[in-house]
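Observations on the three-dimensional arrangement
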Amino acid sequence: MLTAEMIVIEGGTPLRGTVRVSGAKNSALKLMAASILGNGPTTITNVPIISDIAVMAKVLETLGARVSRHDHTIEIDTASVDKWETPYELVSKMRASISVLGPLVARFGRARVAMPGGCNLGARKIDMHMLGMQALGVQFKTDHGFIEATTPEGLHGAYVSLDFPSVGATENTMMCAVTAQGTTIIENAAREPEIEDLANMLNAMGARVSGAGTSIITIQGVSPEDLHPCQHATCGDRIEAGTFLVAGALCAGPVTVEGIDPSFLRMALMKLQAMGCRVECGEDSITVSRMEPLKATDIQTLPHPGFPTDLQAQFMLLCALADGNSVISENVFENRFMFAAEIGRMGADISIDDHHAIVKGVKGLQGTAVKATDLRCGAALVLAGVYAEGTTTVHRIYHIDRGYEDYVGKLSALGANLRRVSDPDSEW
Ligand code: UD1
């Protein structure tokens, strides 16, 4: 077993400079799953070097694909895929493993994927994934902890109306519909930029998808033989970009993030401005700086283009240090306020009432030992440590490694004083 590591931060250093964001984790994972449809060697570039990508590579290898990686380019040859089962061992490590369900069914008419258990962001069901694919002719049964999908009468186009614009359900239904006979229309589809990125790759493989990025996606089915491998570049990671912009806002900046389309982050940029920051956008870059104290603001997380739940913890940190009181409402996931308890240990004043957090601004934070409870909580705790007085240690940083490539290196380059060391206390 690898020795666990922690991040040790000496707070109080200014941050300024330029950081290049990696490719989007939430895009690259689905692009990798979609490569199954290509039945040959697909190349995906701008893939972040993070542990979730390694799990997805393992998922594909378990199915029989050959995966090779050189720096930020990954080649996946899916011609040799001859298995349809994804075990619990991988699904429990990463829920996004279930995104192979749609492409497996579209190419082979069958799939067997372990049911994801509960996770630390609440129940996170997959009922909408199943309802979407059922409308296309997929039959599901549960079997000893697995979901088994078959298509006794083939796949056919259909109207699919999602209860909620779920990212995962939209993607799985879209990938499944690519080979369904006739036309599929997904209504109330998720509009995240990563969905558009996936649709672009599917089209490069020979699929016929239109409307991605809007709430109505139309897919004209093609036959599996019409699909072929392709080359595709992953879009920039808007959540990583937003995290570094928060770092700049926190420590006054200026901090520039490069490799990101500013239109992916409109709502978050508006909130930075409302909090007293100056924001300047280039074609694929954003600069944030701040000359005045942070102002309190209210935030509610919503599906894109609303405020992203994946930036909620980082903005909670800003609100915790703002002048006045802020209310943050979490509308996407239940149980996503674990950050509040950890940052409370550093001196923040936050109370939780159901899905609302009432954040009373404090003058400063003090360094102490804290633990990452999920990916975004971990990233925000490191930023808190960069700002806080004294030394902060962040434990359980495997959460951060799931989604941030070289987080410590990138923050160091901006001027932070932090390092990874082995964690002597396994109790964390
Ligand atoms: C994706 C992102 C995650 C982001 C989230 C919302 C990936 C790998 N992860 O997760 O980082 O926070 O979008 O932007 O892309 N739900 C159901 N039934 C379903 C599906 C979802 O009830 O069948 C619920 C979930 O429990 C959750 C909400 O819908 O409360 C949103 O989930 P969804 O949009 O599907 O998120 P993910 O695709 O899991």
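Description of the structure in this document. (Residues numbered from 1 in each chain as written. Predicted model: local features only at pLDDT ≥ 70, side-chain atom pairs only at ≥ 80, totals over all residues. Heavy atoms only, no water.)

What to know about the nonpolar core
Membership of the largest hydrophobic core comes to 75 residues, with the highest contact counts inside it found for Leu 272, Phe 315, Leu 365 and Leu 411. With nine residues, helix H12 (residues 375–387) is the single largest residue contributor to this core. Excluding anything up to four places from it in sequence, Leu 411 contacts Leu 15, Phe 244, Ala 247, Val 382, Leu 383, Ala 416 and Leu 418. Residues Val 47, Ala 57, Val 105 and Met 201 belong to the second largest nonpolar core, which totals 74 residues. (Core = buried A, V, L, I, M, F, W, Y, C linked by side-chain atoms within 4.5 Å. Buried < 20%, exposed > 50% of the residue type's maximum accessible area, 1.4 Å probe, protein only. Helix = DSSP H or I, 4+ residues; strand = E, 2+ residues; numbered from the N terminus. Contact = heavy atoms within 4.5 Å.)

Comments concerning the sheet that holds strand S1 (residues 5–10)
Pairing in this open sheet of four strands is mixed, and the strands run S22-S23-S1-S24 from one edge to the other. If you trace the sheet from one side to the other, it starts and ends with strand S22 (369–371) and strand S24 (417–422), each paired once. Within the sheet, the average angular offset between the axes of one strand and its neighbour, ignoring direction, is 25°. Relative to strand S23 (residues 391–395), S22 runs parallel, the two being bridged by three bridges. Across the sheet, the residue bridging to Ala 369 is Thr 393, located in S23. In this fold H12 packs onto S1, S22, S23 and S24, with an angle of close to 30° to the strand it touches most, S1. (Pairing = 2+ DSSP bridges. Axes fitted to C-alpha atoms, helices over the stretch in contact; angles between N-to-C directions.)

Focus: the site of the ligand
Taken together, 20 residues lie around the ligand, and Asp 127, Met 128, Ser 166, Asp 310 and Val 332 are the ones closest in. The backbone of Met 128 places a nitrogen or oxygen atom 2.7 Å from an oxygen atom of the ligand. Considering the ligand on its own, with 740 Å² of exposed area, one finds that the protein chains cover 86% of that surface. Breaking the shell around the ligand down by element, the ones donating at least two residues are helix H1 (25–34), helix H5 (127–135) and helix H6 (167–177). Broken down by element, the shell around the ligand gets its largest block of residues, three residues, from H5. Here the residues of the shell around the ligand are counted per class, giving seven nonpolar, five polar and eight charged. (Near = heavy atom within 4 Å. Polar contact = N/O pair within 3.5 Å; in protein donor to acceptor, adjacent residues only side chain to side chain. Areas by Shrake-Rupley, 256 points an atom, 1.4 Å probe, with all protein chains shown as cover. Nonpolar A, V, L, I, M, F, W, Y, C, P; charged D, E, K, R; others polar.)

Overview of the sheet that holds strand S3 (residues 41–45)
Across the sheet, which stays open at both edges, the four strands sit in the order S4-S5-S3-S14 with mixed pairing between neighbours. Edge strands, defined here as strands with exactly one partner in the open sheet, are strand S4 (66–70) and strand S14 (231–233). Averaged over all pairs of adjacent strands, the angle between their axes in this sheet comes to 15°, without regard to strand direction. In the sheet, S3 pairs with strand S5 (residues 73–77) via four bridges, with the strands oriented antiparallel. The partner of Pro 41 across the bridge, within S5, is Asp 77. Along the sheet face, helix H7 (residues 193–204) touches S3 and S14 and points at about 165° away from the line of S14.

Things to note about the environment of Val 178
Relative to the helices and strands, Val 178 resides in the loop between H6 and strand S11 (183–187). For Val 178 and Gly 154, which are 24 residues apart along the polypeptide, the C-alpha to C-alpha distance reads 13 Å. The contact partners of Val 178, leaving out residues within four places of it in the chain, are Leu 202, Ala 207, Val 209, Ile 219, Gln 220, Gly 221, Val 222 and Leu 227.

Some thoughts on the packing of aromatic side chains
Counting across every chain of the model gives four aromatic pairs. With a centroid separation of 5.9 Å and 75° between ring planes, the pair formed by Trp 84 and Phe 108 is classed as edge-to-face. In this pair, Trp 84 is assigned in the loop between S5 and strand S6 (85–86) and Phe 108 in helix H4 (residues 101–108), connecting sequence segments 24 residues apart. Residue Trp 84 is classed as partly exposed on the basis of its relative accessible area of 26%. For the ring pair Tyr 404 and Tyr 407, a centre distance of 4.8 Å and an interplane angle of 45° mean the geometry is tilted. Here Tyr 407 falls in the buried class, since its relative accessible area comes to 4%. Sitting over the ring of Trp 84, Arg 110 keeps its end group 4.0 Å from the ring centre. Over the ring of Phe 146 we find Arg 112, and its NZ or CZ is 4.1 Å from the ring centre. (Phe/Tyr/Trp six-rings, centres within 6.5 Å; stacked < 30°, edge-to-face > 60°. Lys NZ or Arg CZ within 6 Å of the ring centre and 35° of its normal.)

Considerations on the packing of helix H8 (residues 238–250) against H12
Axis separation between H8 and H12 bottoms out at 10 Å; the angle between their running directions is 20°. For the element pair H8 / H12, the angle class is roughly parallel. In the packing of H8 onto H12, the handedness of the crossing is right-handed. Contact residues: H8 offers Ile 239, Thr 243, Val 246, Ala 247 and Leu 250, while H12 offers Arg 376, Ala 379, Leu 383 and Tyr 387. In terms of residue class, the contact of H8 with H12 is built from seven nonpolar, one polar and one charged. (Parallel < 35°, antiparallel > 145°, perpendicular 65-115°, else oblique. Left-handed = near helix turned anticlockwise from the far one by under 90°.)

Some words on the packing of H5 against H6
Between H5 and H6, whose axes approach to 8 Å, the crossing angle comes to 25°. On the basis of their axis angle, the class for H5 and H6 is roughly parallel. Pair H5 / H6 crosses with right-handed handedness. Together, Met 128, His 129, Gly 132 and Met 133 of H5 and Gly 168, Ala 169, Asn 172, Thr 173 and Cys 176 of H6 make up the contact between the two elements. Partitioning the contact of H5 with H6 into residue classes produces four nonpolar, five polar and no charged.

The values reported here are purely geometric and, on their own, carry no functional implication.
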